[in-house]
Amino acid sequence: QVQLVESGGGLVQAGGSLSLSCAASGSIFSIDAMAWYRQAPGKQRELVASITSGGSTNYADSVKARFSISRVKNTVYLQMNSLKPEDTAVYYCKIIFRLVRDGVPIDYWGQGTRVTVSS
């Protein structure tokens, strides 16, 4: 069993900051990558930021220079600054992990945490 525990969502005014965290635990041998996605009402889920086991990061153009992803062991963080109303969405954590050495990579999603940015 694998668990992802997300926290840090909430309501913030435009221009404010929030920090999300996602802690992975359970039957995990290794984690190839960790990422944050978001889904706004009526829109498709989109990648916000990702970080590999080697520390390489990738950001959606819409959040570059405002958001920062980081990882400490099996916990991934998303620091969100200069938030805009269009950042309002449910934010989901996703990991790509392996159960055993050289095992098949497996995607696993968290339950989501809501972020609301008021104008």
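Residues numbered from 1 in each chain as written. Predicted model: local features only at pLDDT ≥ 70, side-chain atom pairs only at ≥ 80, totals over all residues. Heavy atoms only, no water.

Enquirer: Can you help me understand the overall build of the protein chain in this one?
Expert: The secondary structure content of the protein chain amounts to zero helices and eleven strands. Beginning at the N terminus, the succession of helices and strands in the protein chain can be written as β-β-β-β-β-β-β-β-β-β-β. Taken over the C-alpha trace, the protein chain has a radius of gyration of 14 Å; the compact-globule value for 119 residues is 14 Å, and the two agree within 12%. Along the longest, intermediate and shortest principal axes, the C-alpha atoms of the protein chain span 45 × 25 × 25 Å. For the protein chain, the residues scored as buried account for 41% of the 119 residues in total. Across the protein chain, contacts joining residues at least 24 apart in sequence account for 56% of those joining residues at least 6 apart. The distance from the centre of the 12 positive side-chain charges to the centre of the 8 negative ones in the protein chain is 3 Å. (Helix = DSSP H or I, 4+ residues; strand = E, 2+ residues; numbered from the N terminus. Rg over C-alpha atoms; globule rule 2.2 N^0.38 Å. Buried < 20%, exposed > 50% of the residue type's maximum accessible area, 1.4 Å probe, protein only. Contact = heavy atoms within 4.5 Å. Lys, Arg positive; Asp, Glu negative; His and termini not counted. Charge placed at Lys NZ, Arg CZ, Asp CG, Glu CD.)

Enquirer: Honestly, the environment of Ala14 in this entry has me stumped. Any pointers?
Expert: Tracing the backbone shows Ala14 in the loop between β2 (10-13) and β3 (18-26). In this structure Ala14 comes out as partly exposed when scored by relative accessible area, which is 41%. As a C-alpha pair, Ala14 and Thr57 span 43 residues in sequence and 25 Å in three-dimensional space. In this structure, Ala14 is in contact with Leu83, Pro85, Val117, Ser118 and Ser119, ignoring residues within four places of it in sequence.

Enquirer: Is there a simple way to think about the state of the cysteines in this case?
Expert: Here is the idea: a disulfide is a covalent bond, and it sits between the sulfur atoms of two cysteines. Per the stated rule, a full pass over the model turns up one disulfide. Across the disulfide, Cys22 is cross-linked to Cys93 (sulfur-sulfur distance 2.1 Å). An S-S torsion of about -80 degrees defines the bridge between Cys22 and Cys93 as left-handed. Here Cys22, found in strand β3, pairs with Cys93, found in strand β9 (residues 89-98); they are 71 residues apart in sequence, far enough to count as distant. Each of the two residues, Cys22 as well as Cys93, counts as buried. (Disulfide = S-S within 2.5 Å.)

Enquirer: I keep staring at the sheet that holds β3 and nothing clicks. Help me out?
Expert: Across a sheet, strands are paired by hydrogen bonds formed along the backbone, either parallel or antiparallel in direction. Ordered in space as β1-β3-β8-β7, the four strands form an open sheet in which the pairing is antiparallel. Strands with a single pairing partner mark the edges of an open sheet, and in this sheet they are β1 (2-7) and β7 (67-72). Put simply, the sheet's adjacent strands are angled 15 degrees from each other on average, direction ignored. Sheet analysis places β1 next to β3, joined by six bridges and oriented antiparallel. Residue pairing for β3: Leu4 is matched across the bridge by Ala24. (Pairing = 2+ DSSP bridges. Axes fitted to C-alpha atoms, helices over the stretch in contact; angles between N-to-C directions.)

Enquirer: What is the right way to look at the nonpolar core in this model?
Expert: Across soluble globular proteins, nonpolar side chains have a tendency to be buried as a group. Core analysis: the largest hydrophobic core is formed by 31 residues, its most contacted members being Trp36, Leu78, Met80, Tyr91 and Ile95. Among the secondary structure elements, those contributing two or more residues to this core are β1, β3, β4 (30-39), β5 (46-52), β7, β8 (75-80), β9 and β11 (113-118). Ranked by the residues each element gives to this core, the list is headed by β9, at five residues. (Core = buried A, V, L, I, M, F, W, Y, C linked by side-chain atoms within 4.5 Å.)

Enquirer: Whenever I open this one, the side chain of Glu6 confuses me. Can you help?
Expert: Along the chain, Glu6 turns up in strand β1. Buried charge without a salt bridge: Glu6, with Arg45 as the nearest opposite-charge side chain at an N-O distance of 8.1 Å. A polar atom in the side chain of Glu6 sits 2.5 Å from the backbone nitrogen of Gly112. Discounting chain neighbours no more than four positions away, the residues touching Glu6 are Ser21, Cys22, Trp36, Tyr91, Tyr92, Cys93, Gly110, Gln111, Gly112 and Thr113. (Salt bridge = Lys/Arg side-chain N within 4 Å of Asp/Glu carboxyl O. Polar contact = N/O pair within 3.5 Å; in protein donor to acceptor, adjacent residues only side chain to side chain.)

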